[in-house]
Amino acid sequence: DAGVTQSPTHLIKTRGQQVTLRCSPKSGHDTVSWYQQALGQGPQFIFQYYEEEERQRGNFPDRFSGHQFPNYSSELNVNALLLGDSALYLCASSLVGSYGYTFGSGTRLTVV
Amino acid sequence: AQSVTQPDIHITVSEGASLELRCNYSYGATPYLFWYVQSPGQGLQLLLKYFSGDTLVQGIKGFEAEFKRSQSSFNLRKPSVHWSDAAEYFCAVGVSFQKLVFGTGTRLLVSP
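Residues numbered from 1 in each chain as written. Chains lettered and ligands numbered in written order. Predicted model: local features only at pLDDT ≥ 70, side-chain atom pairs only at ≥ 80, totals over all residues. Heavy atoms only, no water.

(A) Structural view of the overall build of chain A. Across its full length, chain A carries zero helices and 11 strands. Helices and strands appear in chain A in the N-to-C order β-β-β-β-β-β-β-β-β-β-β. Taken against the 2.2 N^0.38 rule, which gives 13 Å for 112 residues, the C-alpha radius of gyration of chain A at 13 Å falls within 12% of a compact globule. Judged by the C-alpha coordinates and their principal axes, chain A covers about 35 × 25 × 25 Å. For chain A, long-range pairs separated by at least 24 residues make up 53% of all intrachain contacts whose partners lie at least 6 apart in sequence. On chain A, roughly 5200 Å² of surface is accessible, and the fraction owed to carbon and sulfur atoms is 48%. (Helix = DSSP H or I, 4+ residues; strand = E, 2+ residues; numbered from the N terminus. Rg over C-alpha atoms; globule rule 2.2 N^0.38 Å. Contact = heavy atoms within 4.5 Å. Areas by Shrake-Rupley, 256 points an atom, 1.4 Å probe, with all protein chains shown as cover.)

(B) Examining unusual backbone geometry more closely. All names here are of chain A. At the junction of Ser 7 and Pro 8, the peptide bond is cis and its omega measures out at -10 degrees in the coordinates. By secondary structure assignment, the location of Pro 8 is in the loop between β1 (5-7) and β2 (10-13). In this model, Tyr 72 sits at a positive phi of 80 degrees, which is unusual for a non-glycine residue. Its location among the elements puts Tyr 72 in the loop between β7 (64-68) and β8 (74-78). We note that Ala 80 has phi near 45 degrees; this positive angle belongs to a residue other than glycine. Looking at the element boundaries, Ala 80 is found in the loop between β8 and β9 (87-94).

(C) Region of the structure containing the state of the cysteines. All names here are of chain A. Following the criterion strictly, the structure yields two disulfides over all chains and no others. The disulfide partner of Cys 23 is Cys 91, and the gap between their sulfur atoms is 1.8 Å. Every disulfide takes its handedness from the sign of the S-S torsion; for Cys 23 and Cys 91 that torsion is -60 degrees, giving left-handed. Here Cys 23, found in strand β3 (residues 19-24), pairs with Cys 91, found in strand β9; they are 68 residues apart in sequence, far enough to count as distant. We note that Cys 23, like Cys 91, is buried. (Disulfide = S-S within 2.5 Å. Buried < 20%, exposed > 50% of the residue type's maximum accessible area, 1.4 Å probe, protein only.)

These results come straight from atomic positions and should not be treated as a statement about function.
Put into structure tokens, the structure is as follows:
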């Protein structure tokens, strides 16, 4: 049974560009949450998707947006990239209402 | 606002020695508390969680943690550390809608 799959694993972008990160949740899970982990920091909650809608959002600007598809997979989009967006982006899936998260290995984004 | 403090950025322990990682939280209601471990280049793996009941909780890999409401603490312990335990450890508190608020992490180094 596959866990959470994230793609790509690494990505290098230039300031001002846009990026899309992808996440396939664990089989049977219906909720996807995204976290940003800057170097030397703990993960910070970006937002959560359930039933194709944003259910809750953390303290991130509108440049960060997302989407959830009918098959529960999800995308994280970041526009107008800044150097400070360089981080490991983690996707976590779960069942709605459950703290039983499964985390993916993350996408390492470097903005130059 | 909810927050988690992990006062030790790095800890070095000799292999076979005991380990205690500190975690203090700030949360108005009864907290849901978690410990996760992250190996380099990997996502987060749940070690243990506390929701209610017995304040001493057992986890995977021989870890345990004790919830102390009076001290707002949830310290992680292991009686005998193995070299494979070297990793980054994160304490987290669960808030509304399954959102996790993480501490900044403690890097565990294991010396021979």
